[in-house]
Amino acid sequence: MLRLSGLKLPLDHPAEAMPAAICARLGLEPGELLSHVVVRRGNDARRRSAIQLVYTVDVELSDEPAVLARFAKDHDVRPRPDTDYKFPAKAPEGWSGKRPIVIGAGPCGLFAGLILAQMGFRPIILDRGKVVRERTKDTWGLWRRAELNPDSNVQFGEGGAGTFSDGKLYCRVKDPRFLGRKVLEEFVAAGAPEDILTEAHPHIGTFRLVSMVETMRRQIEGLGGEYRWQHRVDDLELERQGDGAQRLRGLYLADGSFIEADHVVMAVGHSARPTFEMLHRRGVHMEAKPFSIGVRIEHPQSWVDRARYGNCAGHPVLGAAAYSLAHHCANGRTVYSFCMCPGGRVVAATSEEGRVVTNGMSQYSRAEFNANSGLVVGIDPERDYPGGPLAGIDLQRHWESMAFVAGGSSYHAPAQRVGDFLGNRPSTELGEVVPSYKPGVTMTDLSRCLPEFVLEAFREALPVFGRQIANYDHPDAVMTGVETRTSSPVRITRGADLQSLNVTGLYPAGEGAGYAGGILSAAIDGIKVGEAVGVAIAAG
Ligand SMILES: Cc1cc2nc3c(=O)[nH]c(=O)nc-3n(C[C@H](O)[C@H](O)[C@H](O)COP(=O)(O)OP(=O)(O)OC[C@H]3O[C@@H](n4cnc5c(N)ncnc54)[C@H](O)[C@@H]3O)c2cc1C
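Residues numbered from 1 in each chain as written. Predicted model: local features only at pLDDT ≥ 70, side-chain atom pairs only at ≥ 80, totals over all residues. Heavy atoms only, no water.

J.: Just to check I follow, could you spell out the site of the ligand for this structure?
T.: Surrounding the ligand, one finds 37 residues, the nearest of these being Cys108, Asp127, Ala161, Glu511 and Ile519. The backbone of Gly162 places a nitrogen or oxygen atom 2.9 Å from an oxygen atom of the ligand. Burial of the ligand by the protein chains amounts to 97% of its free accessible area of 1,000 Å². Looking at the shell around the ligand, the elements that each hand over two or more residues are helix H3 (107-119), strand S17 (358-362) and helix H13 (519-539). A domain-level breakdown of the shell around the ligand finds at least three residues from each of domain 2 (101-287 + 491-538) and domain 3 (290-483). (Near = heavy atom within 4 Å. Polar contact = N/O pair within 3.5 Å; in protein donor to acceptor, adjacent residues only side chain to side chain. Areas by Shrake-Rupley, 256 points an atom, 1.4 Å probe, with all protein chains shown as cover. Helix = DSSP H or I, 4+ residues; strand = E, 2+ residues; numbered from the N terminus. Domains from an automatic or database assignment.)

And the structure:
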């Protein structure tokens, strides 16, 4: 088969228009097209009056070599790639060696565990949080009663940070082995909607994610894997080698127990601050890493649909409109939209007492009233937190505490109308946009919760974004703060074998280690690290 991409068709095209379009594009007679299958669908809404669907299709032709030769210079016509996943190693029959350990049951740990289980290595997966249904109750405890459980919340527990999310499944990592396809296929096998395999911007939504991680857990347990909940790793047992390097020999848990281990995947996510502090104390090589801070901004979804799709707003094929914005400011900073959630809500994403953090989520339907997105500014260690590998954590904690106080010290979040923000005055009341953050917001002045260079950059960017998306800078649009956990503030450095640079047997992985950003790239990194551990064990 050949793969044909960039095939454009009108929004409401009939099914039979597809084969006709393929034949026209490739200069074929109808009889020369034997079969076709859609592998990807996106939309091109740059011209709102003529929105088009953009397809990638695999086609079976009567004479593929001839067509390939005719389109040799055309990047949109090529042989269909082999996207099937292949295991790099398998455990020998009856293998009974020391089981690998995976710390963290987020997307990275989940896929590292799944791959190790499918390879036959019966991994043990530890997580400081709880099983997903229990964790959901605790998370709602914060959202409904302002009661935070520091071990069981939006950041910690089965499924990791991404469980209460929009479940957007796309990333920009290079993926020559199509590991992203493996992730999506495993998600569909676990109950995700089939369209995630073909949508250009697939998403799953929270409720579906919950049942999917449960199904994947049962699959891993069925292959001999094991989960241990409320098992927080608090320390490492390291052995100095002759050449001065260190080798991991085991893990100490919060309850004082010890687990012997030679191969450990450390997939603890971007909020595992005590673990980063422990790794630093233990001399594990790590460095501070750039990330971004800001707020969440909300508008009625209908405003965004109108701005993006014009008269096609609300069209079932298009769904709730998303946006992606960026502006380079005069002060050298870049403001950009982050983790935009169409038809969703802003959520309380803190994991530490006395701190307020925002993020966003939506259900598969994306049918809630508001659109929300992170509005953030990039910061980096050299310019903003030069004080060592953990300095970014200190900066996050500082502004999260300021937000806690500005919100009234009750896990309410500080919020401000865009009009008041641009007018340099605190907000005292809402306009027509109602913020969705629970347990609630306190209308105030966000300049108490963010550094001046961020505020300055927002003042410049908002009117610019208002010209790109009508009403983006509407006075009643609401900003809720603070968005500080956009990615990990540290990188736990690893070598080409994916082991820590100076601790053999430790495999830093996923978002927390600074090697992923988002569900899909974390899962892909989990597969890579799971494979590396499996190959190392198989090599003995
Ligand atoms: C509210 C929200 C919405 C999001 N929406 C999206 C989205 O729509 N699309 C997207 O691509 N990304 C989204 N993200 C980001 C995405 O969730 C993360 O990038 C992804 O989950 C990272 O995966 P991970 O496995 O590396 O780490 P995590 O998912 O953070 O998982 C780490 C796990 O490690 C456990 N852990 C931590 N420390 C220890 C310890 N010491 N001992 C034992 N266990 C420990 C934690 O309990 C946690 O379960 C969202 C994040 C949040 C918070």
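Having seen it, we continue.
J.: I'm lost on the layout of surface pockets in this one. Help?
T.: Here the idea is plain: a probe the size of a water molecule rolls over the atoms and shows the empty space left. By volume, the second largest pocket amounts to about 290 Å³. When contributions to the lining of the second largest pocket are tallied by element, the ones reaching two or more residues are helix H4 (132-145), helix H6 (206-222) and strand S16 (344-348). In terms of residue count, the dominant contributor to the lining of the second largest pocket is H4 (five residues). Here the lining of the second largest pocket is built from residues that sort into nine nonpolar, four polar and five charged. (1 Å grid on protein atoms, 1.4 Å probe; cavity = no way out; pocket = protein on both sides within 12 Å on 5 of 7 lines; lining within 4 Å. Points joined across faces, edges and corners; volume = space filled by probe spheres on them. Nonpolar A, V, L, I, M, F, W, Y, C, P; charged D, E, K, R; others polar.)

J.: Hey, could you run me through the nonpolar core in this one?
T.: In summary, soluble globular proteins display a tendency toward joint burial of nonpolar side chains. Ranked by size, the top nonpolar core spans 81 residues in total, and within it Leu26, Leu375 and Phe458 carry the most contacts. Counting residues per element, this core draws most heavily on helix H12 (residues 452-468), at seven residues. Beyond its immediate sequence surroundings of up to four residues, Phe458 is in contact with Gly294, Val295, Val335, Leu375, Val376, Val377, Phe421, Leu450 and Pro463. If you look at the next biggest cluster of nonpolar residues, it comprises 53 residues, including Tyr85, Phe111, Ile196 and Ile220. (Core = buried A, V, L, I, M, F, W, Y, C linked by side-chain atoms within 4.5 Å. Buried < 20%, exposed > 50% of the residue type's maximum accessible area, 1.4 Å probe, protein only. Contact = heavy atoms within 4.5 Å.)

J.: Teacher, can you tell me more about the pattern of salt bridges here?
T.: Between side chains of opposite charge, a pair can form when the charged atoms approach closely. All told, the structure shown has 40 salt bridges when counted by the stated rule. Its salt-bridge partner being Arg228, residue Glu226 comes within 2.7 Å of it at the nearest N-O pair. A relative accessible area of 24% places Arg228 in the partly exposed class. Of the charged contacts, one joins Glu352 and Arg273 as a salt bridge, the two residues approaching to 2.8 Å between their closest N and O atoms. Within this pair, whereas Glu352 is found in the loop between S16 and S17, its partner Arg273 is found in helix H7 (residues 273-281), the two being separated by 79 residues in sequence. For the pair Glu352 and Arg273, a shared accessibility class is recorded, and that class is buried. Shared partners join several salt bridges into a network, and the residues in it are Arg273, Glu277, Glu352, Arg355, Arg397, Glu400 and Arg485. (Salt bridge = Lys/Arg side-chain N within 4 Å of Asp/Glu carboxyl O.)

J.: Hey, could you run me through the domain arrangement of the protein in this one?
T.: It is common to report an interface's size as the accessible area lost on association of the parts. When its domains are assigned, the protein resolves into domain 1 (2-79), domain 2 (101-287 + 491-538) and domain 3 (290-483). Each of domain 1 and domain 2 has a C-alpha centre, and the two are 39 Å apart. Across the interface of domain 1 and domain 2, roughly 410 Å² is buried in total on both sides, 37% from carbon and sulfur atoms. Sorting the residues of domain 1 by area buried against domain 2 places Val39, Arg40 and Arg41 first, and these three jointly supply 79% of that buried surface. At the boundary of domain 1 and domain 2, one finds one salt bridge. For Glu199, the salt bridge is made with Arg41, and the minimal N-O distance between the two is 2.9 Å. In this assembly, domain 1 and domain 2 are joined by three residue pairs in polar contact (both at pLDDT 80 or more). (Buried area = accessible area lost by both parts, 1.4 Å probe.)

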